[in-house]
Amino acid sequence: MASPELCHPTKSCAESIAALHFLHPIPVQPFSNPVTDVQRRSIHYTLPFEVERSLCSTLAFLAYPKDDSNNIPAVCLEEGAGGAYLNVLLAVNQHKCNSNSCVLEKLKKGFKEIFSLLADADDGSLAIENKVFGAIVSMCSARILSRLGLIRSRNNQRRPVKEDLQDTLGYFGRSAAYKSAGLYSFIDRTKEVVKLADSWIKHRRQPELEELIKGIRHLGQVENFHDLINTIPSKEMNPSSRAHLINTIKKVARYREAARFLYRTAKKIPLTRKMHLVPVQLSPESFNRDFGIDSTSDLQTAISPVDGAKEKKNLELVCQLLKIDKDQADRQFTGQVRKTMQEAKIHAEIQLLYYCEFYMRPDALLPRVVCSSKDACWLCNEFILMYEKIHTPRCHGRIYPGWQLPARNEHEYRNLATRYSTRLRGHISIGLKTLFRRGKRTTYLTPNESTLLSLQWSRSTLHIVTSSPDALDTSSIIEQDPHEPVLPAEVLVHESTSVGNGKGKEIATEMDGRTSDASPVHTRESTEKLDGISVAETSNPIQSSLTLELGRTKSREIRMGKTSSLYKAGPLDVQIEYAESSSPESPDRHRKKLSYTVELLSPEEVEELRHGREDLFVDAELLEGESWGNGT
């Protein structure tokens, strides 16, 4: 294989991607991207940055109207100077030129109807909002019904959400525990959703579907509904079903929330009444498959040092650590490079960035945000970070080897691709160092690639959420990630609890102060201030999920008599309970809060901690029910 410097950058990128995927297919856990000052720029822009981000996220969510992994969309906004116009730039993943023309035409027709309704939003009529909702449901009905499990196909075998809700009602009907006003409200609204689902099944018309979506949104407005669902024991509902139910409620509710957000934004900001959809399709030259396809690729060269390191990266050692035969590794790598060169797609976000860089109108302001209907893949996210001028909210951390850049040969195209190829070569060095340090491939669970970004609402439109059936209107509440509790300002969080996976089975715990049986244990503290809240240091402070991952801690406090949120460690759910003392003489009777930290440990870290401390560990396979005893 020729050196990377002599290859066409398209071929060099394909080889680097194949090498990265060979080393670590999922190199990182999902994470959020911070917003830089360059991305948040406001001079000459009419739209506030936060509104632009919420609009992009909402429109991208709506632009995926049915299950079709071959046509993932992305959106960004092209604002005319002085607020002259607002173009919604829309692209869809493509394998070859014009391969998704029909998809784009259908989306253009659906958005045209929505935008024509928003153009009249200044008359203040709530009828406009309802019509926008109807247009959204009409465009996205196939996707909504698929999410609800109300239509089945070869690619969609979801269990109907109605059945999950009936199981939920059955459990809470039998259980005498955790009775509260919130639970009664949740039960009443769940029963209503089941009735609305039956009504749609009977009539199968759009009005019944709209009422079902409203009912699910009403259910999702019950305070901490996700916590209620997560109290259901695994023997009653398995964890994946609980997660699926929570996700379905959030996603389906978003269709109604999207209508309200779009209407209120258009009512408040005149520019958003001028939205016009512009489908983006790159030229045929961008899909050229001829650059270097007949040349050979070599794994040893692909993973050779690029940072001047003295130590030669030995392919035999790499294969030994990855537990793969060298000849098999070479064949796998060469086959992947060839397949990428022949079949790879240009992801929608990359099409939009190239459009912005090379084709955008001279009187337009560069978009500040690009959003897909899913979180950005690792390769797209790396390109966006390199580009710097445009923000994307989240990355799911997975590498797709069937990914490519536009393959045009002009100098400007080659320069951008060469910069990216160099960046990927640097990540190969990082990946090798990680492999040698850990002695094995980095393995994370397959991530949830589709998350919801909280919508940006005007303060004047916010209402208080309450679980009372006679609650105030909560239709404009900001959506809160159910796995990220809002901490009150007085909370002080200490780093004090560890959870290890010991080959995925064993758990280690430490508490700050005392466990629920009041036995003192070791305390570690390391906190920092963030917006007036003291939080434990983590390697990624912007991480929002409560899924545990290696090398990162989750820290919170709980009050006496309460339990923590659930933390996911692979197939295991971990929850901390601070039980009240049964003895009035207990020295802990006045202690109100318990600080804890949860951490997922590698097998090597577990073995280091194990020496002489077998009492710290519990084999998860021996656990029954949900009680561990002794507060661990």
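This text follows the structure it describes.
An account of the accompanying structure is given in this report. (Residues numbered from 1 in each chain as written. Predicted model: local features only at pLDDT ≥ 70, side-chain atom pairs only at ≥ 80, totals over all residues. Heavy atoms only, no water.)

## Examining the overall build of the chain
Reasoning step 1: Per the secondary structure count, the chain includes 17 helices and 15 strands.
Reasoning step 2: A total of 632 residues make up the chain; the buried ones form 52% of that total.
Reasoning step 3: For the chain, restricting intrachain contacts to residue pairs at least 6 apart in sequence, the fraction spanning at least 24 positions comes to 73%.
Reasoning step 4: As displayed, the chain offers around 29000 Å² of accessible surface, 50% of which is attributable to carbon and sulfur atoms. (Helix = DSSP H or I, 4+ residues; strand = E, 2+ residues; numbered from the N terminus. Buried < 20%, exposed > 50% of the residue type's maximum accessible area, 1.4 Å probe, protein only. Contact = heavy atoms within 4.5 Å. Areas by Shrake-Rupley, 256 points an atom, 1.4 Å probe, with all protein chains shown as cover.)

## Structural notes on the environment of Ser-297
Reasoning step 1: Position of Ser-297 among the secondary structure elements: in the loop between strand E4 (275–279) and helix H10 (299–302).
Reasoning step 2: Through-space distance from the C-alpha of Ser-297 to that of Phe-333 is 7.9 Å; in sequence the pair is 36 residues apart.

## Here's the deal with a positive patch on the surface
Reasoning step 1: Together, Lys-323, Arg-437, Arg-438 and Lys-440 make up a positively charged patch on the protein surface.
Reasoning step 2: Residue position: Arg-437 is located in helix H15 (residues 411–438).
Reasoning step 3: Note on Arg-437: relative accessible area 60%, which makes it exposed. (Patch = residues over 30% accessible without salt bridge, like charges linked within 9 Å, V, L, I, M, F, W, Y side chains within 5 Å. Salt bridge = Lys/Arg side-chain N within 4 Å of Asp/Glu carboxyl O. Lys, Arg positive; Asp, Glu negative; His and termini not counted. Charge placed at Lys NZ, Arg CZ, Asp CG, Glu CD.)

## Regarding the packing of aromatic side chains
Reasoning step 1: Applying the stated criterion across every chain yields a total of 11 aromatic pairs.
Reasoning step 2: With a centroid separation of 6.1 Å and 80 degrees between ring planes, the pair formed by Phe-172 and Phe-186 is classed as edge-to-face. Placement of the pair is Phe-172 in helix H5 (residues 161–174) and Phe-186 in helix H6 (residues 181–203), with a sequence separation of 14 residues.
Reasoning step 3: A relative accessible area of 2% means that Phe-172 is categorised as buried.
Reasoning step 4: Overall, the relative accessible area of 0% leaves Phe-186 in the buried class.
Reasoning step 5: Its end group placed over the ring of Phe-133, Arg-256 keeps NZ or CZ at 5.0 Å from the ring centre.
Reasoning step 6: Across from the ring centre of Tyr-45, 4.1 Å away, lies the NZ or CZ of Arg-368, which sits over that ring. (Phe/Tyr/Trp six-rings, centres within 6.5 Å; stacked < 30°, edge-to-face > 60°. Lys NZ or Arg CZ within 6 Å of the ring centre and 35° of its normal.)

## Examining the pairing of strand E2 (residues 73–80)
Reasoning step 1: By the criterion of burial, E2 is predominantly enclosed, with 8 of the 8 residues buried.
Reasoning step 2: Every second residue of E2 is oriented toward a common face, with Pro-73, Val-75, Leu-77 and Glu-79 on one face and Ala-74, Cys-76, Glu-78 and Gly-80 on the other, all of them buried.
Reasoning step 3: Sheet topology places E2 next to strand E3 (residues 86–92); 7 bridges connect them, and they run antiparallel. What sits directly across from Val-75, in E3, is Leu-90.
Reasoning step 4: Hairpin geometry of E2 and E3 is characterised by an intervening segment of 5 residues between the two adjacent antiparallel strands and by a positive phi of about 70 degrees at Gly-82. (Pairing = 2+ DSSP bridges.)

## Observations concerning the nonpolar core
Reasoning step 1: Counting 78 residues, the largest nonpolar core has Leu-62, Phe-111, Ile-114 and Ile-136 as the members making the most contacts within it.
Reasoning step 2: The greatest single-element share of this core, amounting to 11 residues, is contributed by helix H9 (residues 239–268).
Reasoning step 3: For Phe-111, the residues in contact, after removing those within four places along its chain, are Leu-59, Leu-62, Ala-63, Met-139 and Leu-277.
Reasoning step 4: Ala-18, Trp-378, Ala-417 and Leu-424 belong to the second largest nonpolar core, which has 67 residues in total. (Core = buried A, V, L, I, M, F, W, Y, C linked by side-chain atoms within 4.5 Å.)

## Describing helix H14 (residues 378–387)
Reasoning step 1: By the criterion of burial, H14 is predominantly enclosed, with 9 of the 10 residues buried.
Reasoning step 2: Of all the positions in H14, only Trp-378, Leu-379, Cys-380, Asn-381, Glu-382, Phe-383, Ile-384, Met-386 and Tyr-387 are classed as buried.
Reasoning step 3: Summarising the contacts, the buried residues of H14 are in contact with helix H1 (9–23), strand E1 (31–32), helix H13 (348–358), strand E6 (370–372), strand E7 (394–395) and H15.
Reasoning step 4: Once H14 ends, the next one or two residues include Glu-388, with phi positive near 75 degrees.

## With respect to the packing of H1 against H15
Reasoning step 1: Interaxial distance between H1 and H15 falls to 9 Å at its minimum, and their mutual angle equals 20 degrees. Compared by their axis directions, H1 and H15 come out roughly parallel. Along this stretch, H1 crosses H15, giving a crossing that reads as left-handed. Mapping the contact onto sequence places Pro-9, Ser-12, Cys-13, Ser-16, Ile-17, Ala-19, Leu-20 and Leu-23 in H1 and Arg-414, Ala-417, Thr-418, Tyr-420, Ser-421, Leu-424, Arg-425, His-427, Ile-428, Gly-431, Leu-432 and Leu-435 in H15.
Reasoning step 2: Looking at side-chain class alone, the contact of H1 with H15 contains 12 nonpolar, 6 polar and 2 charged residues. (Axes fitted to C-alpha atoms, helices over the stretch in contact; angles between N-to-C directions. Parallel < 35°, antiparallel > 145°, perpendicular 65-115°, else oblique. Left-handed = near helix turned anticlockwise from the far one by under 90°. Nonpolar A, V, L, I, M, F, W, Y, C, P; charged D, E, K, R; others polar.)

Structural measurements only, silent on function.
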